[in-house]
Amino acid sequence: MSGAILILGATSAIARGAAAAWAQRGHRLYLAGRDVESLRRDAADLAIRYGVAVHFGAFDAAAHDTHAAFLQRVTDEMGELEGVLLAFGYLGSQAKAAGDFREALAIINRNFVDAVSILNLCADQLEQRGRGFIAGIASVAGDRGRQSNYTYGAAKGAFALYLQGLRNRLFPAGVRVLTIKPGFVDTAMTWGMPGLFLVASPIDVGARIVTAVERGRDVIYVPWFWRYIMLIIRSIPERLFKRLKL
Amino acid sequence: MNTLNKDIAGWGRYPVQRCELVRPERHAELWSEAPSLLARGQGRSYGDAALNEGGRVVLTERVNRFLAFDREQGIVRAEAGVTLAELLALTVPRGWFPLVTPGTRHVSLGGCVAADVHGKNHHHDGAFSSSVRELELITAGGRRLRCSAQENAAAFQATVGGMGLTGIIGEVELQLQPIESGYIRARHQAAAHLEELFRLLQESDGDARYSVAWVDLMSRGAALGRGVVMNGDHAARDELSGGRRLTPLRLPPARVRNIPCNMPGWLLNGLSIRAFNAQYYRREGSRSGSFLLDYDTFFYPLDTLANWNRLYGRRGFVQYQCVVPTATALEAMRQLLQRLADSGHPAFLGVLKRMGPAGAAYLSFPMEGYTLAMDLPMKGAATLALLDAFDSVVLQHGGRVYLAKDARLAPASFRAMYPQFAEWQRVRRELDPHGVFSSSLSRRLGMEEQA
């Protein structure tokens, strides 16, 4: 029996892809999110297709003071965790966030503050145990600020920095930390967006995450060529970049 | 919810229409507020049944979760976006097989229900609906209605074969049949002409569970309607030998080749089809005795060629499938094949099957008799005129055309072919008084107008 994995924000398409890949390898899963009815369906599907035990429960990312009790409940049900995938996030609207601070705050909270709250607790538990992993979904948007999504980009970029620090802290304890930076993935978030190219399926992205965890990778871009797209975008000098319409 | 305006088509790739696509990731998002809604599974109906020009099309492909699987009783419940391919991958290794399967695995359960599809065993087991224990129908306003042959029976009989026009099918619960192996014991018999083909189909009826005939649509004169009858039964474990016997439910993975892009329109012409058919007739007709095939090869031969609809080129093709009552079926089929021969129109795949008694669903296609399906490359007015001529033959013999394949039937012909339309419409009005659910097919056939 392989170890238990907690998936936060489990109803996202990428999380579903990763859950399928882990279940196929025989891992027990705990699916957490807001929409419990959808979690129930996902759990049933994974258990039927792959014959593994899949638990699920409500998790409110914004209710930070409930996180410790939540994690306790998960460990009570599943035993010690092998790892955690953090897949929740909120794209929001940059146009709205520019004029409405509540939207900006919602974007920053969901993508960064809420993530820090629950991962701090997970990190302590895994550090004590002395093995396991934490995987977090950041974004290529966090690699450079652009006018079209800089609030989201700032929050995801902060999250990526946080994961980097966590990786450094947990290394001696033998806990691996993986930062995932997806480019265009074919999900509800990107459906109908103009100007997309080489869009990856969330099933493939999920499978890539699972192999990256197994190989102990630090940072992955999915699909892989986004590493080079972002390399180019990061290398454009700022005095030029600020004039671009991106 | 994000929307995507896109030109889409059915499997025949005629017609092509602009629709507003949404693709929910979850069951809870299947319903959305829109002036016109239609669910679409894998888009394997041929014409405009899964199109909604200018309206919203709800793609159900991601709403595909298994919800329950009783391995003792062979009962499976799933969201309607689950495909038969996914179902088979789950249930065959555990010794269960769908009671009814159409000629491709790449169809959603919702689509199977909406078209009340049939298989090679209709004369034994009826249409898909006979294996449906229960449905969940999401009606206008997002209300969820459980229905079955017992509970909300009118809604059930209007939804089965109802072409998605009563609502969105959310969940399907199926009764499966037990199998001992994933293999089929098959037997082929060549028939030199149509009459012999009918005779062989009738004879094999009693002993074979599955029965279908391939028809050479390019045959002429005395050989008109020649073909090969293909019978099959699930093989028992002790009919297998060697490694197959040890793992009778495990099959080697099927090799799939892909047609990567549109082929030129002239590829499938009279000459190339005639050459293929002659070779196919000789090879398949001369296989003697019985032989074992894995279920994929027997039920889904075309699935080994992904995107085979591209063979017909950019203009696409139409499939004409009709059923005619037994009494004059031979005469009707002879007339259809003769008209086809006289027209000189190329036609590729021809399939003839026996059908058993009709079910209780108002718009379900099958009726006791014989059904013929023909694939014709779309050549514009010439093709459409030929198919109108086919309609008059079918009507004259009291038959009907299959809506899941249709792209061009006239409203008056439709009403004459489906005598229970008025009753269906009454039930549909109760379920959807404001006519939210509609499709290009329903508007073309005048299904929105008072019967």
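Rules and cut-offs
- For every chain, the first residue of the written sequence is number 1, and numbering continues from 1 along that sequence.
- Whichever chain is written first becomes A and whichever ligand is written first becomes 1, with later ones labelled in order.
- Side-chain atom pairs in this predicted model are given and counted only at pLDDT of 80 or more, local residue features only at pLDDT of at least 70, and totals for whole chains, interfaces and linings cover all residues.
- Excluding hydrogens and water, the side-chain figures rest on all heavy atoms present in the structure.
- Two strands are said to pair when DSSP picks up at least two bridges between them.
- To qualify as a helix, a DSSP run of H or I must reach at least 4 residues; to qualify as a strand, a run of E must reach at least 2; elements of each kind are numbered from the N terminus.
- Note on geometry: axes are lines fitted to C-alpha atoms, helical ones only across the stretch in contact, with angles between N-to-C directions running from 0 to 180 degrees.
- In summary, the pairing rule links any two rings of Phe, Tyr or Trp, Trp by its six-membered ring, whose centres are within 6.5 Å, and it sorts them by plane angle into stacked for under 30 degrees, edge-to-face for over 60 and tilted for everything else.
- The buried label applies to any residue whose accessible area, calculated with a 1.4 Å probe on protein chains only, is under 20% of its type's maximum; exposed applies above 50%, and partly exposed to all values in between.
- Two limits define a charge over a ring: the Lys NZ or Arg CZ must be within 6 Å of the ring centre, and within 35 degrees of the ring normal.
- By the convention used here, residues are in contact when the closest approach between their heavy atoms is within 4.5 Å.
- Once two parts are joined, some of their accessible surface, as seen by a 1.4 Å probe, is lost; buried area is that loss totalled over both.
- Salt bridges are identified by distance alone: a Lys or Arg side-chain nitrogen within 4 Å of an Asp or Glu carboxyl oxygen.
- Think of a polar contact as two N or O atoms within 3.5 Å of one another; within protein, one of them needs to be a possible hydrogen donor and the other a possible acceptor, and neighboring residues in sequence only count if both atoms come from side chains.
- Any residue with an atom within 4 Å of a point lines the site, the site being either a cavity, points on a 1 Å grid over the protein atoms alone where a 1.4 Å probe fits but cannot get out, or a pocket, an open set with protein on both sides within 12 Å along at least 5 of 7 lines.
- Grid points are joined across faces, edges and corners, and a volume is the space filled by probe spheres set on the points.
- Asp, Glu, Lys and Arg are counted as charged, while Ala, Val, Leu, Ile, Met, Phe, Trp, Tyr, Cys and Pro are counted as nonpolar; the rest, among them Gly, fall into the polar class.
- By this rule, a helix spans an expected 1.5 Å times one less than how many residues it contains.
- Working definition: the arc comes from the directions between the helix axis and the C-beta atoms, pointing outward to the latter.

This part covers the sheet that holds strand β4 (residues 56–59) of chain B. Residues and elements named next belong to chain B. Judged by pairing direction, the sheet is mixed, and its four strands sit side by side in the order β1-β2-β4-β3 without closing on themselves. Each edge of the sheet is formed by a strand with only one pairing partner; in this case those strands are β1 (4–9) and β3 (37–40). Strand-to-strand twist in this sheet, taken as the mean axis angle between neighbours without regard to direction, amounts to 45 degrees. Of the strand pairs in this sheet, strand β2 (residues 16–22) and β4 are connected by three bridges, and their pairing is parallel. In the sheet register, E20 faces β4, and the bridge partner there is R56.

This part covers the packing of aromatic side chains. One pass over the structure, following the stated rule, counts 29 aromatic pairs over all chains. On the numbers, 5.7 Å between centres and 20 degrees between planes, the contact of B:F276 with B:Y280 is stacked. With B:F276 and B:Y280 both in helix α7 (residues 270–285), this residue pair falls four residues apart, about one helical turn. Classification of B:F276 as partly exposed rests on a relative accessible area of 36%. What links up through ring pairs into an aromatic cluster is the set B:F97, B:Y210, B:Y295, B:F298, B:F299 and B:Y300. Lying across the ring of A:F241, A:R144 places its NZ or CZ 3.8 Å from the centre. One cation-aromatic arrangement involves B:R287 over B:F291; the distance from NZ or CZ to the ring centre is 3.9 Å.

Our next topic: the interface of chain A and chain B. In this complex, chain A contributes 19 residues to the contact, which on the side of chain B involves 24 residues. Contact between chain A and chain B buries roughly 1,900 Å² in total, counting both sides, with carbon and sulfur atoms accounting for 45%. Contact with chain B buries surface across chain A, with A:R41, A:I48 and A:W191 losing the most and accounting together for 44% of the total. Where chain A meets chain B, there are seven salt bridges.

Our focus in this paragraph is the side chain of B:S36. Residues and elements named next belong to chain B. Take S36: it is sitting in the loop between β2 and β3. Residue S36 is classed as buried on the basis of its relative accessible area, which comes to 14%. Within the structure, the side chain of S36 is placed 3.0 Å from the side chain of S438, a separation counted as a polar contact. When residues no more than four places from it in sequence are discounted, the contact partners of S36 are N52, G55, R56, V436, S438 and R443.

Residue and element names in this part refer to chain B. For the structure shown, the criterion picks out three cavities of 30 Å³ or more. Lining the largest cavity, in full, are V318, Q319, Y320, L387, V401, K405, D406, A407 and R408. A total of three residues in the lining of the largest cavity trace back to one element, the largest contributor, which is strand β17 (residues 317–325). Among the residues making up the lining of the largest cavity, the classes are represented as five nonpolar, one polar and three charged.

This brings us to helix α3 (residues 67–78) of chain A. An α-helical segment advances 3.6 residues per turn. Residues three or four places apart therefore align on the same side. Residue and element names in this part refer to chain A. Compared with an ideal rise of 1.5 Å per residue, which puts twelve residues at 16 Å, α3 spans 16 Å between its outermost C-alpha atoms and is within 8% of the ideal. Of all the residues in α3, the buried ones are H67, F70, L71, V74, T75 and M78. Along the axis of α3, the buried residues cluster in a sector spanning 130 degrees; they form a single face. Looking at α3, the residues exposed on the side facing more than 90 degrees away from the buried face are A69 and D76. In this fold, the buried residues of α3 make contact with β1 (2–8), β2 (27–33), β3 (54–58), β4 (81–86) and α5 (101–129). Just downstream of α3 lies G79, where phi reads positive at about 80 degrees.

A few words on helix α9 (residues 329–343) of chain B. Residues and elements named next belong to chain B. The first and last C-alpha atoms of α9 sit 21 Å apart over 15 residues, in line with the 21 Å expected at 1.5 Å per residue. Residues A329, A332, M333, L336, L337, L340 and A341 constitute the buried set of α9. One or two positions beyond α9, positive phi appears at G344, with a value near 70 degrees.

Before going further, it helps to examine the sheet that holds strand β5 (residues 132–137) of chain A. Residues and elements named next belong to chain A. Ordered in space as β3-β2-β1-β4-β5-β6-β7, the seven strands form an open sheet in which the pairing is parallel. Taken across any chain shown, the strands that pair with only one partner, and hence form the sheet edges, are β3 and β7 (219–222). Geometrically, the sheet is characterised by an average inter-axis angle of 20 degrees between neighbouring strands, direction not taken into account. The sheet contact formed by β5 and strand β6 (residues 175–182) spans six bridges and is parallel. Among the inter-strand pairings, F133 is bridged to a residue of β6, identified as R176. Of the strands in this sheet, β2 and β3 touch helix α2 (residues 36–50), which is tilted by about 175 degrees from β3.

All names here are of chain B. Following the sequence through the fold, S45 ends up in the loop between β3 and β4. Its relative accessible area of 17% is what places S45 among the buried residues. Filtering out sequence-adjacent residues up to four positions away, S45 remains in contact with G10, W11, A50 and A404.

Under the defined criterion, the tally for this structure stands at 53 salt bridges over all chains. Residue A:E37 is joined to A:R41 by a salt bridge in which the shortest nitrogen-to-oxygen separation is 2.9 Å. Placement of both A:E37 and A:R41 in helix α2 is noted, with a separation of four residues, approximately one turn of the helix. Residue A:E37 is classed as partly exposed on the basis of its relative accessible area, which comes to 31%. In this structure, A:D186 engages B:R62 in a salt bridge whose closest nitrogen and oxygen atoms are separated by 3.5 Å. One end of the pair, A:D186, is in the loop between β6 and α7 (202–214); the other, B:R62, is in the loop between β4 and β5 (66–70), on a second chain. Given the relative accessible area of 23%, A:D186 is considered partly exposed. Residue classification places B:R62 among the buried residues on the basis of a relative accessible area of 13%.

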